[in-house]
Amino acid sequence: QQFKNTSSDLQRLPNDWQKAFIATFPGTSMDERKYAEEVIKFTKGEAVYITPDCKNLVKDIIQTTNLFDGIIGNPLIAISDIYKAMRENNVVVSLDGHGADEYAFGYSGYSLDGFYEALKSNNEEQAKEYAKILSGLSPVYNAETLMRNFYSANSFKSRIKNSIKSVLKTENEKIKPFKNEWFNSEINKEALTTFTNPFSGISKTLFNDFHYFSLPVNLRDFDRAAMQNSIEIRMPFMDYRLVNYMFSLSVQSKLGGGYTKRIIRDSMKGIVPEPIRTRKLKIGIGSPIAEWMSGPLKEFTLDHLSSSKLDRMSFLNADRIRKDIENNYSTNNWNTDNASKTWCILNAMIINE
């Protein structure tokens, strides 16, 4: 109310300041335009839709990657294009939603860890809860398959030793874990266990991601994308009072009832349309890297794959990398996991050119 009554502040505020800038990827698994349109219609807001220019995709990717000057698991172009559109529309401050996933169990990994805990303790009720959440987050997971494995694993004395590795196998066998064979040396992981953490279980993972891993990386990446276009970022979810409050809550208030970010969803009743508030599928903002690898980035990828520069990067196993990527092309076996891994190699090669 105080802000509304301050005439000097009102004079500085554009009439059309409430704009949403939305990245779209038509025909790909990453496109969420229809959901964005539903929100815009419900709120009677204004939207600017941004679609990457595939004709100049390689050129634009090289430019944004060089400006980023680091390694990231997805081309920065999708994020950078959003902030670029803001600048072109005379918007210089962006309200971003960073932090909510990291303190309200928004990512599937948290529910996955919860399922592991339920398996270890033979807690059927919890296992069902996390299996339900996982099946909603991604088509990779199937609740019935998860529970069958739960019952199977807990019917034998050796369930932890022999079954925990297979309990989370899903119907999508194409998704494979990160292959260390791409590197010629192991990563030193000692530093990852030295942080002070007041929590245990999945809350411990959440605390670490918020303070040390996921969130700091996201903030760095988005800040660099914004700064490429002279945009300032503000993050309402990162208000220290809200952060303190969220970390004081129980797991069930944030991860339960079939949903991630449970308390946030509850608070949004009547503010966003119900199909969006109760939507479970999780698609993070980023580029449709799997579709791009098999399409507009194919020639670019193969050219870099054959480059002698790859052989000169001594920390990489160039022969294994070439073999795996060539196999992806020959079998048309591109998914987000192996495409992101491939992109990291290309990313490193670009910034060292």
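Remember, it's a predicted structure, so these values are computed and weren't measured experimentally. (Residues numbered from 1 in each chain as written. Predicted model: local features only at pLDDT ≥ 70, side-chain atom pairs only at ≥ 80, totals over all residues. Heavy atoms only, no water.)

Q: Where do I start with the overall build of the protein chain in this structure?
A: In terms of helices and strands, the protein chain carries 20 helices and four strands. Of all 353 residues assigned to the protein chain, the portion counted as buried reaches 41%. A separation of at least 24 residues holds for 73% of the contacts in the protein chain among residues at least 6 apart in sequence. Carbon and sulfur atoms form 51% of the exposed surface of the protein chain, whose accessible area is close to 20,000 Å². (Helix = DSSP H or I, 4+ residues; strand = E, 2+ residues; numbered from the N terminus. Buried < 20%, exposed > 50% of the residue type's maximum accessible area, 1.4 Å probe, protein only. Contact = heavy atoms within 4.5 Å. Areas by Shrake-Rupley, 256 points an atom, 1.4 Å probe, with all protein chains shown as cover.)

Q: Looking at this model, I keep getting lost on the pattern of salt bridges. Mind explaining?
A: In total, this model carries 12 salt bridges according to the counting rule given. Note that Glu-274 is salt-bridged to Arg-277, the shortest N-O span being 2.7 Å. Of this pair, Glu-274 and Arg-277 both sit in helix H15 (residues 274–277), three residues apart, which is roughly one turn of the helix. The exposure class of Arg-277 is buried, given its relative accessible area of 11%. It is possible to trace a salt-bridge network through shared partners that takes in Asp-101, Lys-261 and Lys-282. (Salt bridge = Lys/Arg side-chain N within 4 Å of Asp/Glu carboxyl O.)

Q: Before we go on, may I ask you to explain helix H10 (residues 201–211) in this structure?
A: Within an α-helix, residues lying three or four positions from one another point in the same direction, as the helix has 3.6 residues per turn. Where H10 is concerned, the buried positions are Ile-202, Ser-203, Leu-206, Phe-207, Asn-208, Asp-209 and Phe-210. Buried positions along H10 lie against helix H5 (100–103), helix H6 (108–121), helix H7 (124–137), helix H11 (214–227), helix H12 (240–248) and helix H13 (251–254).

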